[in-house]
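Results of the structural survey
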Amino acid sequence: MHTFEVWAPIPTSVSVEVDGTRHDMIRSPDGWWRVDAPASPNSRYAFHLDDSDTPLPDPRSPRQPDGVHSPSQLHTLDESAWTDSHWTGRQLAGSVVYELHVGTFTTEGTFAAAVDRLDHLVDLGVDFVELMPVNGFNGTHNWGYDGVLWYTVHEAYGGPDGLQMLVDACHARGLGVVLDAVYNHLGPSGNYLDRYGPYLAQGANTWGRSINLNGPGSGEVRRYIIDNALRWFREFHIDALRLDAVHALVDHTAIHLLEDLAIETRRLSAHLRRPLTLVAESDLNDPRLITSRSAGGFGLDAQWDDDVHHAVHAAVSGERQGYYGDFGSMACLADTLRQGWFHAGTFSTFRGRTHGRPLDTRRTPASSLVTYTCTHDQIGNRAIGDRPGTYLDSGQLAVKAALVLCSPFTPMLFMGEEWGASTPFQFFTSHPEPELAKATAEGRKAEFAEHGWSTDDVPDPQDPDTFERSKLDWDELTREPHARLLDCYRALLRLRRDRAELTDPWLENLSVDYDEAQQWIVIHRGALRIACNLSAEPVTVPVGGSPVLWWEPPTQDETASATLLPGHSFVVLDSSP
């Protein structure tokens, strides 16, 4: 016998169909329906609401072997398959994160195939593998942000057992695992939650209906989210969650959902005796997210920092369109590196308003900000999904890497960045519904037309070739110029592990010099000087020291008090006696 249960305050009757046999369920006053029914460990089951003959999947379904519109399947992970009893976790501070999309990381696009590439990540020198969302969505391939069954694992990747295998393999190699979790909206196909209960609010955000965090029934909706997050930590041994677009969570209650989640995550972490980390993606530049609860904040561990990306990218590339408009100068880059955000109570021309709050750099470590030269968004939301290597030379890519990997923040790489992958990462979907497929393709073109891109260049997200083009070409690693850039990344990450100055998280210990006209910038990290020449012409930078790592060989006179740096290059200098 198995106890089937579901929260469904809207219907007046609910039955569960288990392996073809229906069983009436009994309602409790809190809106939960339950019944004990015969079942095997892998029974298929679905719920019927009121008099409907349409079977609906379980909102907390552990597995959807036939897709998000089909019956659910009972599933429990095999505890004997875990080999990570030695794993005590890994803290985010001092670590380097590597973001990947399971479907395009390898040709096969599966968890099992990703395991075969983990040794590359170990050799590279990263510490965490961050997976873009892997929960249930309709279709075969997708970025993952259209999930509708948050408790499931996408079957095409390998399902829940495949995710277990990947996490276990990461831990065996000393790699932590970050999972991208989306709690701010649901996808457009396969979402039946509003038939069960008031999961959705009246308002909407950029991606769809908002989640009900305030109105009647919101207590159970919040529980639905928190239980899901804790499931990844407890059952799948996940080490950290990246919480997608938390600025789209509309919560006016006394204790915000994020603070609630931080409280319960800390409780579970104490019980499991390993670090459990919460990382927010936020557009707000609001330090309260990463301020401790004792100081009036939400108590999250870290948040993504787009300002560092924008400052680095605009300065190196020269792009100024859209949200890059306020960025690009050496002064902007220096200020952002010194204070964590550029917009910290300053006017944002892109938003048309004052934006952000200053970060208290004496109390908040820079390791609480996750920074990057690339992400799935910063590549995939370009019209053709082109990577920086298609419009920047290798020296410029190396300069961007040095600025981020030698910063006091927590660096993150996006898959393939380390060798300057030439394959694009484009926006792809596989909606089976013709009308939804058509609307997605037309909406994508209209969005870029508003930003001045030629709509002829925008690939059809529904075209299978768009997905296939986005898969990494692993044969590039041994070819130039990719092999040289990969060696540079490995050397930078090795230096970061070897020199404590580079993982020092306190911005008070960092200083920056620059020359706007000559386009050079120097970051001072203890005895190390990271000198970068963003111009194409050689420049003399007024800092000396022993060169320990460079892109193009620098030259110095006999006094070694100044350094001649070739165009589009960097050097790390050691000023130790």
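The present account deals with the structure reproduced in this document. The residue numbering used here restarts from 1 in each chain and proceeds along that chain's sequence as written. In view of the model being predicted, local features appear only for residues whose pLDDT reaches at least 70, and side-chain atom pairs are presented and counted only at 80 or more, with totals across whole chains, interfaces and linings using the full set of residues. Side-chain metrics rest on all non-hydrogen atoms present in the structure, leaving aside hydrogens and water.

With their axes 10 Å apart at the nearest point, helix α6 (residues 218-236) and helix α7 (residues 257-272) run at an angle of 30° to one another. Judged by the inter-axis angle, α6 sits roughly parallel to α7. The element α6 and its partner α7 pack so that their crossing is right-handed. Residues Arg222, Arg223, Ile225, Ile226, Ala229, Leu230, Phe233 and Arg234 of α6 touch α7, and the partners they reach there are Leu257, Asp260, Leu261, Glu264, Thr265, Leu268 and Leu272. Axis angles are defined between N-to-C directions and span 0 to 180 degrees, where every axis is a line fitted to C-alpha atoms and, for a helix, only to the segment in contact. Helix and strand definitions follow DSSP, with helices as H or I runs of at least four residues and strands as E runs of at least two, each counted in order from the N terminus. For classification purposes, angles smaller than 35 degrees are called roughly parallel, those larger than 145 roughly antiparallel, those between 65 and 115 roughly perpendicular, and all remaining angles oblique. The handedness criterion is simple: a crossing whose near helix is rotated anticlockwise from the far helix by less than a right angle is left-handed, and one whose near helix is rotated clockwise is right-handed. Contacts are assigned to residue pairs that have any heavy atoms within 4.5 Å of one another.

Bringing the pattern of salt bridges into the picture now. A pair is scored as a salt bridge if a Lys or Arg side-chain nitrogen falls within 4 Å of a carboxyl oxygen belonging to Asp or Glu. Enumeration over the complete set of coordinates arrives at 32 salt bridges. Arg22 is paired through a salt bridge with Asp53; the nearest N and O atoms lie 3.5 Å apart. On the criterion of sequence distance, the pair formed by Arg22 in strand β3 (residues 21-24) and Asp53 in the loop between β6 (44-49) and β7 (72-73) is long-range, its members being 31 residues apart. Residue classification places Arg22 among the partly exposed positions, given a relative accessible area of 39%. Among the salt bridges present, the one from Arg362 reaches Asp360, with a minimum N-O distance of 3.4 Å. Accessible area is worked out with a 1.4 Å probe on protein chains only. A residue is then buried under 20% of its type maximum, exposed over 50%, and partly exposed in between. Residue classification places Arg362 among the exposed residues on the basis of a relative accessible area of 54%. In the salt-bridge network here, residues are joined through shared partners; they are Arg60, Arg223, Asp227, Glu264 and Arg267.

For two strands to pair, DSSP has to find at least two bridges joining them. Read from one edge to the other, the open sheet built from 3 strands follows the order β1-β5-β4, with strand pairing classed as antiparallel. Lying at the two open borders of the sheet, with one neighbouring strand each, are β1 (2-7) and β4 (26-27).

This part takes up the state of the cysteines. In plain terms, two cysteine sulfur atoms within 2.5 Å form what is called a disulfide here. Tallied over the entire structure, the rule returns 0 disulfides. Just so you know, Cys374 is unpaired, no disulfide at all, and the nearest cysteine sulfur is the one on Cys488, 14 Å from it. Cys374 sits in the buried class, given a relative accessible area of 5%. Of the cysteine sulfurs around Cys406, a residue in no disulfide, the closest is that of Cys532, at 7.6 Å. Judged by its relative accessible area of 0%, Cys406 falls in the buried class.

Moving on: helix α11 (residues 394-405). To estimate the expected span of a helix, count its residues, drop one, and scale the result by 1.5 Å. The terminal C-alpha atoms of α11, which comprises 12 residues, lie 16 Å apart, in line with the 16 Å expected from a rise of 1.5 Å per residue. Counting buried positions over the 12 residues of α11 gives 11, a clear majority of the element. Residues Gly395, Gln396, Leu397, Ala398, Val399, Lys400, Ala401, Ala402, Leu403, Val404 and Leu405 constitute the buried set of α11. Among the residues of α11, the N-terminal cap falls to Asp393, whose side-chain oxygen and the backbone nitrogen of Gly395 are separated by 3.0 Å. Here a polar contact is recorded for every N or O atom pair within 3.5 Å, except that within protein the pair must consist of a potential hydrogen donor and a potential acceptor, and residues adjacent in sequence are included only if both atoms are side-chain atoms.

Let's shift gears to unusual backbone geometry. Following Glu480, the chain continues into Pro481 via a peptide bond in cis, with omega recorded as 5°. Position of Pro481 among the secondary structure elements: in the loop between α13 (464-469) and α14 (482-498). Positive phi is not limited to glycine here, since Gln519 has a value of about 65°. Tracing the chain through its elements places Gln519 in the loop between β20 (510-515) and β21 (520-525). Residue Gln519 is classed as partly exposed on the basis of its relative accessible area, which comes to 22%.

Remember that the coordinates give geometry; whether it matters functionally is a separate question.
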